[in-house]
Each structure stands twice: as structure tokens, then as C-alpha cells.
Amino acid sequence: VALGLYFPRKEYLENVYIDEPAGMPLLRIHALKDSHEEVAHFHLCQNLIISRTRQHENNWFQIREKTGLLYLSKSLDREDFNMLSVGNWMPLPKVMLYVFLSSHPFQEKECDSATRATVFLSLINATAPACSSLTARQLCFTEMDLSFHIKENKPPGTFHQLQLPSVHHLCQNLSISYKLLAAEGVPFRYNESSSSVRVTQRLDREERERYELIAKCTVREGSREMQVEVPFLVNVLDEDDSPPFLPNGTDTADAVVEFNRKEGTVLSTLTVYDADTTPIYPLESSRKKYTGTIITDDPWISETFRVEHIFDEIHFSPNGSQVRGTRHEY
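Residues numbered from 1 in each chain as written. Predicted model: local features only at pLDDT ≥ 70, side-chain atom pairs only at ≥ 80, totals over all residues. Heavy atoms only, no water.

- Per an unreviewed UniProt entry, the protein goes by RET kinase and derives from Polioptila caerulea.
- In UniProt, the protein has this text filed under Subcellular location (unreviewed entry): "Membrane". (UniProt positions renumbered as here; feature names shortened; annotations may be inferred.)

So, in C-alpha cells, the structure goes:
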């Protein structure tokens, strides 16, 4: 059975400092469902990828199977840091972890699921900075873009948490609050008590392909107040669910052939629109999807005439928003 669950983002990024305590929450990973009855289970592959050629057993990081919270299971000391950063030529050593997703509890060493997200952890050769030394941007958001992919026609669900688990854990003297700024009627909601963002209804890519919102964060420390805003983008992924359509409803075209027409003369055209897909590359795979045929028993007609198929990307504008599609001309 193909897994229906999926990650709304494929990559996550977080910093890890030396001597942060065991139990320290690092980041929360989310999954969205394909059907209502699915339950998400998260699993961490027990190998850290240090560089293309090096791996190391993961002794430091764990994930809560039911909530997707990634945390430190053991403090990373200076000796660990030196060992993990050997041969790592980046100015900021990074290790990589794979998080897997399943609709059933994981069996041991099950690390070959196709549904996975990559977590990049930057190892910082210093202890965690004091909260008072961090900018509002650092307190509110990670270095990741807030950009997500949600499949059309799937059930609603939570796909992001704005509050950073590590900052919330370390900076309890600060008050950090968020708002999601969006146009009226947009199908996304921010929940203040859990700081989570959810998609509230099934999306339809043929209605709208991209949503551009803004996440606004306010940091209060005593009487001081700082604010920061960042783009919050949601792209809707396509499912092949809309049939092609003819602009005027007719699926045939008449051709009148006069004598002495030169080779290559266009005698007739037929246009078909597909709001569901955009041209795929290589182009041959798009061409194979639809074919144009002359239906005849006369071999002379088959030898003398041919149907040419050209197609290009166009934009439809339902509800005033641009949606990509394809125009096929025969």
C-alpha cells in the first residue's frame, strides 16, 4: 500500500550548541494525511550522515514517534563536537538526519521508507547564546524559509508550529507571540495556544496554486517591544483530477483542401486546454499524454496529411489568482 502521509516540507534546519542539556527540544516536524483515518508515526534513522563518505551512529538525537518533536537525548560535549566535525570542511560543520513517516508504528531499523524528510543540524562550537543577545529575528524564526507544499484534495491538518521549541525552552523570561496575516477567507488558521498553523479545508490547485501570507512575531521584554515579519508561502501540489476541456465545446475541426497547397500548409486547427497540468520535461512525456489522430480508411489520406501537436504553458485566472495550465494545439 502506498503511504498517503506526506511531509509539507522536505528539509528542516536547526542549530545545536555545545553542552545543551539532554531533553532539549530542537524542532517539531509535521505530517499531513491522505485520508482522515491515518495516524502519523515519526522515526529517526540511527545514522548521522557527516559528509558524503562518513556516517556515525546517532547517540544524540531522538524524535517522539507520535508528535514529531526532535530533541537532544544526550548532551553534545566538546569531544563529541570535535569527533563529528573531523573532515567537515564547511565553516559551520553540519550533520544530516533522515526522518521517516509511516501510518503504523515503526519496526526496528526500518529505514527504507520512501516518505522521508532531511534534517540539517549545524553544530555550533560554542554554548547557547544568552537570550538577551539574540535579535528579534533569531528569537522568532529559524534560518529556514517558511515555505510549504500541500497536496490538493487532502484532509485539513496542522503543518507548522511558529514558536521555536528551543527558544521557548531557554528564554522563558521573554514573551513571544505570533500572528498570521492573511486576506479574508484564506483557508489557514493560527492557533495561539499551540502556536500551530493548520490548513482548514481541502485545497483545489485549479482554483488557486499559491498563497502568500505573512507571519508576524512580537517579542516583549519588560517595557521593550520588538516586531519582525517574514513571508509565509504555501504552494498547492497538483493531482491529476480535472479533464481537459475544449474552449468552445467542439472536439472536431473541418478542413477544406484546395489544389496546389504547398507541403506544410496548415489546413485546420483544434485547441484543447488542460488546467490540471503544466508542460512536463522532457517534452516527449507531455506529448504522449494526448495524441491527435486522423481517422480514415484511405491510405492516401494517411500518407498525405499529418497532425502536428504543439503545446505551451498558459495561465488561467479563476477568482483573480493565476493558475498554470497547458494549451495544446493540433
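Now that the structure has been shown, the text picks up again.
Remarks on the pattern of salt bridges
Part 1: Per the stated rule, a full pass over the model turns up 13 salt bridges.
Part 2: Between Glu206 and Arg205 there is a salt bridge, and its shortest N-O distance comes to 3.5 Å. In terms of burial, Glu206 and Arg205 fall into one category: buried.
Part 3: Residue Glu221 pairs with Arg224 through a salt bridge whose shortest N-O separation is 3.1 Å.
Part 4: The exposure class of Arg224 is partly exposed, given its relative accessible area of 46%. (Salt bridge = Lys/Arg side-chain N within 4 Å of Asp/Glu carboxyl O. Buried < 20%, exposed > 50% of the residue type's maximum accessible area, 1.4 Å probe, protein only.)

Structural notes on the UniProt feature "domain: Cadherin" (unreviewed entry) in the protein
Part 1: The positions UniProt marks with the feature "domain: Cadherin" (unreviewed entry) are residues 142–246.
Part 2: The straight-line gap between the two end C-alpha atoms of residues 142–246 is 47 Å; of that span, 6% is helix and 50% is strand. (Helix = DSSP H or I, 4+ residues; strand = E, 2+ residues; numbered from the N terminus.)

As for the pairing of strand E18 (residues 310–316)
In regular strands, side chains alternate between the two faces of the sheet.
Part 1: Bridge count between E18 and strand E19 (residues 323–329): 7 bridges; the pairing is antiparallel. Residue pairing across strands places Asp312 opposite Arg327, the latter belonging to E19.
Part 2: Hairpin connection between E18 and E19: a loop of 6 residues separates the two successive antiparallel strands, and Asn319 in this loop has a positive phi of roughly 55 degrees. (Pairing = 2+ DSSP bridges.)

Brief notes about the packing of aromatic side chains
Part 1: A full pass over the atoms with the stated rule returns 11 aromatic pairs.
Part 2: Their ring planes at 75 degrees and their centres at 6.0 Å tell us that Tyr273 and Phe316 sit as a pair that is edge-to-face. Here Phe316 lies in strand E18 and Tyr273 lies in strand E17 (residues 271–274), a separation of 43 residues in the sequence.
Part 3: Seen from their ring centres, Trp300 and Phe305 are 5.8 Å apart, and the 85 degrees between their planes marks the pair as edge-to-face.
Part 4: The structure contains a cluster of three or more aromatic residues connected by ring pairs, namely Phe148, Phe159, Phe188, Tyr211 and Phe232.
Part 5: The ring of Tyr98 has Arg116 lying over it, and the distance from NZ or CZ to the ring centre is 3.8 Å.
Part 6: Directly above the ring of Tyr6 sits Lys151, whose terminal nitrogen or CZ lies 4.6 Å from the centroid. (Phe/Tyr/Trp six-rings, centres within 6.5 Å; stacked < 30°, edge-to-face > 60°. Lys NZ or Arg CZ within 6 Å of the ring centre and 35° of its normal.)

Considering the sheet that holds strand E11 (residues 157–161)
Part 1: Judged by pairing direction, the sheet is antiparallel, and its 3 strands sit side by side in the order E11-E14-E13 without closing on themselves. Both edges of this open sheet fall to E11 and strand E13 (188–191), since each of them pairs with a single strand only. Averaged over neighbouring strand pairs, the angle between their axes works out to 30 degrees when direction is ignored.
Part 2: Across 4 bridges, the pairing between E11 and strand E14 (residues 196–199) is antiparallel. Residue pairing for E14: Gly157 is matched across the bridge by Val199. (Axes fitted to C-alpha atoms, helices over the stretch in contact; angles between N-to-C directions.)

A short note on the pairing of strand E16 (residues 224–237)
Part 1: Bridge count between strand E10 (residues 146–151) and E16: 6 bridges; the pairing is parallel. Residue pairing in the sheet places Ser147 in a bridge with Leu233 of E16.

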